Amino acid sequence: MWAGRFQKALDSEADDFNSSIFFDARMYKQDITGSIAHAGMLKKCGIVSEADGDRIIEGLQGILADLESGALKIDYGAEDIHMFVEAELTSRIGEAGKRLHTARSRNDQVAVDIRMYLRDEAEEIRGLLIALIKAVLSQAEHTKTCIMPGYTHLQRAQPIYFAHQLLAYCMMFLRDLDRLADAVKRMNISPLGCCALAGTSYPIDRAYTASLLGFDGVAMNSIDGVSDRDFCAELLSVFSIIMMHLSRFSEEIILWSSAEFRFIELDDAYTTGSSIMPQKKNPDMAELVRGKTGRVYGDLTALLTALKGLPLAYNKDMQEDKEAVFDGVDTVKKCLRVFAPMVSTMKPLPENMKKAAQTGFINATDAADYLVGKGMPFRAAYKISGQLVALCIEKNTVLEALPLAVYKEYSDLFAEDLYEAINIETCAEKRGSAGGTGQQSLSAQIAFVKAQLGLTEE
Ligand code: ARG
């Protein structure tokens, strides 16, 4: 390839070190598609003859078809996918193949390939996120009236509906969808024609290749076009946030499926047993998702660190972008694929949720609010409610079970209607403020999620 300048072949260890084909071969389709557009442009602009242009395009189409059918195998001895395709083309069509790389460099070629590759992957991830939101939403619709304790500091705090907790995750994943679309929007700009870094003296038509390849426009500065990997960093940031959400959800699923909570039971298909303890049913999938979150953060950190000291324009360090971003893509896809069905098949256990809701004094705020309703200042009411909780703990009982006479010892304002006010169901339902846990808010949230997904017209 370097014929002319070099006297000696690359040392074989150095050759392996330099090579990227083991990981960039996955972009073969984008590479060939990009080359077909480039060849079409060279022909249209009179930079190569009609006949050569046609030969190149047919040759490339043949290579793509043969790779897809398995008739052609990637030669992992090539330095990268770009070199492999070009060499294969020349071996198939001879001289004309050597004209493909006119007015192009691997620097703009690789930049256009990754953008197209990631654009396709982002579309797939969008579909997986939507499937996950639908799975969570459907669980929420089925658990709309299941009461559970809501937590702060992992201490039982106030009664909520299980659906409210699940819908919180729907909101996170909707924002992830939005962030993904936003990253793709900036990614979808064509660097093709930036060439090595400075553009070219050939009369190329960049807008033409950009439109053939489905880009929304062309990079305005050729140095930026070949140096920019922001879109990889942005995508990995989006992935990191998706993973952070999945990891928090995993953590809750792990807690909820423990004997200490037993709010849900995971389906056998998404749990494993222990090799020694026969009673165990381990939430491995959720744990792995939580674990793989660190790995995706690592991918983002590796990429940002690789880029931070680079002078413009292309530097070979940038070849390191691919393993990081591809690992992020693969990991997020695997996690989403297993997560959605794990959520759809998990069985909520409303009885246990309710029992936990009844024993955590999570109506203590409501007892205070009751006194406030009768005219007492909140701080005074708060203190009385706290004293009543302390008494319950001492007597091993709950607020609902204390006789009215006891309440009266603390305040004359207590009357029979107190019991309705501190009933757990009433307490959840009363929180009917916008975005609160009340049924009306839940219905509004469900409608919102559906409208965002285009499942209903609104
Ligand atoms: N394999 C290279 C990469 O992934 C392709 C670009 C090489 N360009 C160069 N001037 N060496 O970054």
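Below you will find a few notes about this structure. (Residues numbered from 1 in each chain as written. Predicted model: local features only at pLDDT ≥ 70, side-chain atom pairs only at ≥ 80, totals over all residues. Heavy atoms only, no water.)

1. Re the pairing of strand β1 (residues 147-152)
Here comes step 1: Note that β1 and strand β2 (residues 155-161) share 6 bridges and pair antiparallel. By the bridge assignment, Ile147 is partnered in β2 with Tyr161.
Here comes step 2: Counted along the chain from β1 to the antiparallel partner β2, the turn is 2 residues long, and its residue His153 has a positive phi close to 55°. (Pairing = 2+ DSSP bridges. Helix = DSSP H or I, 4+ residues; strand = E, 2+ residues; numbered from the N terminus.)

2. Here we look at empty space enclosed by the protein
Here comes step 1: Tallied over the entire structure, the rule returns 1 cavity of 30 Å³ or more.
Here comes step 2: For the largest cavity, the calculated volume is near 30 Å³.
Here comes step 3: What lines the largest cavity is His38, Met41, Ala103, Leu192, Gly193, Ile204, Asp205, Arg206 and Thr209.
Here comes step 4: Residues that form the lining of the largest cavity fall into these classes: 4 nonpolar, 3 polar and 2 charged. (1 Å grid on protein atoms, 1.4 Å probe; cavity = no way out; pocket = protein on both sides within 12 Å on 5 of 7 lines; lining within 4 Å. Points joined across faces, edges and corners; volume = space filled by probe spheres on them. Nonpolar A, V, L, I, M, F, W, Y, C, P; charged D, E, K, R; others polar.)

3. As for the packing of aromatic side chains
Here comes step 1: Within this structure, the stated rule accounts for 11 aromatic pairs.
Here comes step 2: Where Tyr169 meets Phe249, the ring centres are 3.9 Å apart and the plane angle is 5°; that geometry is what we call stacked. Of this pair, Tyr169 sits in helix α7 (residues 162-187) while Phe249 sits in helix α10 (residues 230-256); the two residues are 80 residues apart in sequence, bridging distant segments of the chain. For the residue pair Tyr169 and Phe249, the accessibility class agrees, reading buried in each case.
Here comes step 3: Aromatic side chains Tyr407 and Tyr419 sit 6.0 Å apart centroid to centroid with 90° between the ring planes, which places their arrangement in the edge-to-face category. Here Tyr407, found in helix α16 (residues 404-410), pairs with Tyr419, found in helix α17 (residues 418-421); they are 12 residues apart in sequence, far enough to count as distant.
Here comes step 4: Exposure remark for Tyr419: the relative accessible area of 22% places this residue in the partly exposed category.
Here comes step 5: An aromatic cluster of three or more residues is present, and its members are Tyr370, Tyr407, Phe414 and Tyr419. (Phe/Tyr/Trp six-rings, centres within 6.5 Å; stacked < 30°, edge-to-face > 60°. Buried < 20%, exposed > 50% of the residue type's maximum accessible area, 1.4 Å probe, protein only.)

4. Digging into the site of the ligand
Here comes step 1: Taken together, Ser20, Asp24, Asp80, His82, Arg106, Asn107, Val110, Tyr314, Gln319 and Lys322 make up the full set of residues adjacent to the ligand.
Here comes step 2: Take Asp80: an N or O atom from its side chain is 3.0 Å from a nitrogen atom of the ligand.
Here comes step 3: With respect to the ligand, the side chain of Asn107 contributes an N or O atom lying 2.9 Å from a nitrogen atom.
Here comes step 4: Protein chains bury 86% of the 340 Å² of accessible surface belonging to the ligand in isolation.
Here comes step 5: A total of 3 residues in the shell around the ligand trace back to one element, the largest contributor, which is helix α6 (residues 106-142).
Here comes step 6: Its residues placed into classes, the shell around the ligand shows 2 nonpolar, 4 polar and 4 charged. (Near = heavy atom within 4 Å. Polar contact = N/O pair within 3.5 Å; in protein donor to acceptor, adjacent residues only side chain to side chain. Areas by Shrake-Rupley, 256 points an atom, 1.4 Å probe, with all protein chains shown as cover.)

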